[in-house]
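Each chain is listed here by its residues.
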Amino acid sequence: MSNILLPQDLNQSLHECIQLLDSQSSVINNLSTTERVLAYYSIYCKNKLHVLLLPEEYGGLSGSFSHAGIIVETLAYNYYNTLPTLLTTIHCYELIKSFADNNKKKWLLNAVNNTPKPLAFCLTEEHAGSDITSIQTTAIKNDNKIIINGKKVIVINSGIASFYLVIAQSSKKGRAGLTAFLIPETADNISFEKLEVSSFLHSVIGTVTFNNVIIDTQYQIGDEGSGFFLLTEMLDKGRPLVAACCVGAAQHALDIIIDHTKTRKQFSRYLYDFQGISFPIAEFETRLHAARLLYNDACEKIDNNEPFTKEASMAKYYASRLFLDITNFGMDTLGYRSIIDASEMKLLNDFAKTMMFIDGTENVQKMIIASLL
Amino acid sequence: MAFKEIGKKIQIAREEKGITQIELAKILGITQAALSNYELGKRRVYFHQIELIAEHLEKPISYFLDDESMLEDDENIINDEMLDLLTSKVKQLNRQEFSELDQFIDFLLWRKHNE
């Protein structure tokens, strides 16, 4: 765990949240996917962890990114599968907080805060993944209204969110035309299609289609054409938290491996007594420590208003790769136990594979790091 | 990466405005080295910084994001400064010399269209 200490109020929120999760998870896990996701999210809301980065004046906990990193890592240890919903919502709040005009920031944050539902971030399209300039969703201004048309895929919280943060092309094509909009779920002509993504056990993922959806111009965030800056900065800020999630879950996987290899005997010796087992574990423990330092460093840079893009990509690239490596090793080491349905290592391994491309693939992170050298 | 092109745009807009890196850096409250790194694309420009840059260089934010192939080839850029310089030279010519220059420009255009 990190050496950074949480302020008392944040520490209390975190521990009350974990107590609720521990006491209610066995009941919640028997619910349907949507009910499950909303039940877990309501526990986070009760403890205000969805607004942990918001200032108190907007109803938040005034936490820093460094604090958020520790909280996410701690929760990820046992509840990694519930975090995509929470992290997506935190990302969206951060974008509104950082980029909405001052005169409508309070109004927008009040609007999103007054609902018990999470937020959704609509970016990826069938032909626009890593290359966001290929986005085809359009936002056409007509008097005081904006008409949105397009289809977004792999949207976390699709169909259960109160608001959809959408990146669309406005007047121009390419980077210069990207603009961010917040679309209420109550707007007409939005449709959803659920996708089965088993690796994110406690998330609802799907497509969101906007077919002549009309919203008021007050739902535009930032100036027209500013979406590229908003988006890249939001993704940059999200990466250390995704890395923290990977570190917490990877620590859980490594602890399972250590426990198993210190209790299981083969050839009259504990597995851990074979250097072929204990040496990779020693390497993983070292890399976990490094991964934790990397995300802490990126979070501190954000908090101190220093350039953080390179460090954020390094943290995400390193932590997600390590998480996958540890769980792959876990699958090997636990043998048949790891392939049984609902085995914790299998769940962790599936989750790790998906985390590899959340907030940008490994190659995207390398591209960003290389561009800043 | 986009930030190299954005940096180039910042440089062009700054030069159009006729201010040095040191002057703009002072206005933005950053070091000249930091501004140089923005212009070279070696340092990421964040939203609050591009807002300030856009305001001081009197450009909309979208200006810095426009994709223009001409940015990839400096040799093809004829900016206002170069045109002003040429105009000041042309004004020193007499009628005969101006006519010869005009014919030479016609020849260059003919060659360009027939290449």
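K.L.:
Hey, could you run me through the side chain of Glu311(A) in this one?
P.N.:
Residues and elements named next belong to chain A. With respect to the helices, strands and loops of the structure, glutamate 311 is situated in helix 8 (residues 309-334). The buried charged residue glutamate 311 lacks any salt bridge, with lysine 301 as its nearest oppositely charged partner at 4.4 Å. Discounting residues that sit within four places of it in the chain, glutamate 311 has contacts with Asp297, Ala298 and Lys301.

K.L.:
Got a minute to help me understand the environment of Glu73(A) in this structure?
P.N.:
Checked against the element boundaries, Glu73(A) lands in helix 3 (residues 65-79). Taking the C-alpha atoms as reference points, Glu73(A) and Ala244(A), separated by 171 residues in sequence, lie 4.8 Å from one another.

K.L.:
In this structure, what is going on with the interface of chain A and chain B? I would like to understand it.
P.N.:
The parts lose accessible area when they come together, and the size of an interface is often stated as this lost area. Counting residues at the interface gives 22 residues for chain A, matched by 19 residues for chain B. If you sort the residues of chain A by the area they bury against chain B, Arg175(A), Phe229(A) and Ser371(A) come out on top, with a joint share of 35%. One can count two salt bridges joining chain A with chain B. Among the salt bridges present, the one from Arg44(B) reaches Asp236(A), with a minimum N-O distance of 2.8 Å. Joining chain A to chain B, the criterion identifies seven residue pairs in polar contact (both at pLDDT 80 or more). Only helix 6 (227-263) and helix 10 (362-371) of chain A provide two or more residues apiece to the side of chain A that touches chain B. Examining the composition of the side of chain A that touches chain B, we find that six residues originate from one element, helix 6 of chain A, more than from any other. Tallied by class, the residues present in the side of chain A that touches chain B amount to 11 nonpolar, six polar and five charged.

K.L.:
Can you walk me through the packing of helix 3 of chain A against helix 6 of chain A in this structure?
P.N.:
Packed helices, taken two at a time, are described by the angle their axes make and the gap between the axes. All names here are of chain A. Helix 6 packs onto helix 3 with a crossing angle of 35° between their chain directions and a minimal axis gap of 7 Å. Relative to helix 6, the crossing made by helix 3 is right-handed. Contacts between helix 3 and helix 6 involve Phe65, Ala68, Gly69, Val72, Glu73, Ala76, Tyr77 and Asn78 from the first element and Lys237, Leu241, Ala244, Cys245, Val247, Gly248, Ala249, Gln251, His252 and Asp255 from the second. Grouping the amino acids of the contact of helix 3 with helix 6 by side-chain chemistry returns 10 nonpolar, five polar and three charged.

K.L.:
Sorry if this is basic, but what is going on with the pattern of salt bridges here?
P.N.:
All names here are of chain A. Scanning all chains against the criterion turns up 18 salt bridges over all chains. Note that glutamate 125 and lysine 152 form a salt bridge whose closest N and O atoms lie 2.9 Å from each other. A residue pair is termed long-range when its members are at least 10 positions apart, and glutamate 125 in the loop between strand 1 (119-122) and strand 2 (138-142) and lysine 152 in strand 3 (residues 145-156) qualify at 27 residues. For glutamate 125, a relative accessible area of 7% gives the class buried. The closest approach of N and O atoms between glutamate 224 and lysine 141, which form a salt bridge, is 3.7 Å. With glutamate 224 in the loop between strand 8 (220-221) and helix 6 and lysine 141 in strand 2, the pair connects residues that are 83 residues apart, well separated along the chain. Taking relative accessible area as the criterion, lysine 141 reaches 46% and is therefore assigned partly exposed.

K.L.:
Would you mind going over the packing of aromatic side chains with me for this structure?
P.N.:
Pairs of aromatic rings are described using the distance from one ring centre to the other and the angle between the two planes. By the definition in use, this model includes 15 aromatic pairs over all chains. Ring centres of Phe99(A) and Phe47(B) lie 5.1 Å apart, and the angle between their planes is 85°; on these two criteria the pair is classed as edge-to-face. Of this pair, Phe99(A) sits in helix 4 (residues 83-99) while Phe47(B) sits in helix 4 (residues 47-56), on two different chains. Residue class for Phe99(A) comes out buried when judged on its relative accessible area of 6%. Pairing Phe267(A) with Phe274(A) gives two aromatic rings, centres 6.5 Å apart and planes at 85°, and the pair type is edge-to-face. Under the relative-accessibility criterion, Phe267(A) is labelled exposed at 74%. On the basis of relative accessibility, which here comes to 24%, the residue Phe274(A) falls in the partly exposed class. Among the aromatic residues, ring-to-ring pairing joins Tyr80(A), Phe323(A) and Phe351(A) into one connected group. The side chain of Lys262(A) reaches across the aromatic face of Tyr272(A), ending 4.7 Å from its centre.

K.L.:
What exactly am I supposed to notice about unusual backbone geometry here?
P.N.:
Glycine aside, residues mostly have negative phi angles, and peptide bonds mostly take the trans form. Non-glycine residue Asp359(A) carries a positive phi angle of around 60°. As for its position among the elements, Asp359(A) is in the loop between helix 9 (344-355) and helix 10. The class for Asp359(A) is buried, based on a relative accessible area of 14%. One non-glycine residue, Glu58(B), lies in positive phi territory at about 55°.

What counts as what
- Residues numbered from 1 in each chain as written.
- Chains lettered and ligands numbered in written order.
- Predicted model: local features only at pLDDT ≥ 70, side-chain atom pairs only at ≥ 80, totals over all residues.
- Heavy atoms only, no water.
- Helix = DSSP H or I, 4+ residues; strand = E, 2+ residues; numbered from the N terminus.
- Buried < 20%, exposed > 50% of the residue type's maximum accessible area, 1.4 Å probe, protein only.
- Lys, Arg positive; Asp, Glu negative; His and termini not counted.
- Salt bridge = Lys/Arg side-chain N within 4 Å of Asp/Glu carboxyl O.
- Contact = heavy atoms within 4.5 Å.
- Buried area = accessible area lost by both parts, 1.4 Å probe.
- Polar contact = N/O pair within 3.5 Å; in protein donor to acceptor, adjacent residues only side chain to side chain.
- Nonpolar A, V, L, I, M, F, W, Y, C, P; charged D, E, K, R; others polar.
- Axes fitted to C-alpha atoms, helices over the stretch in contact; angles between N-to-C directions.
- Left-handed = near helix turned anticlockwise from the far one by under 90°.
- Phe/Tyr/Trp six-rings, centres within 6.5 Å; stacked < 30°, edge-to-face > 60°.
- Lys NZ or Arg CZ within 6 Å of the ring centre and 35° of its normal.

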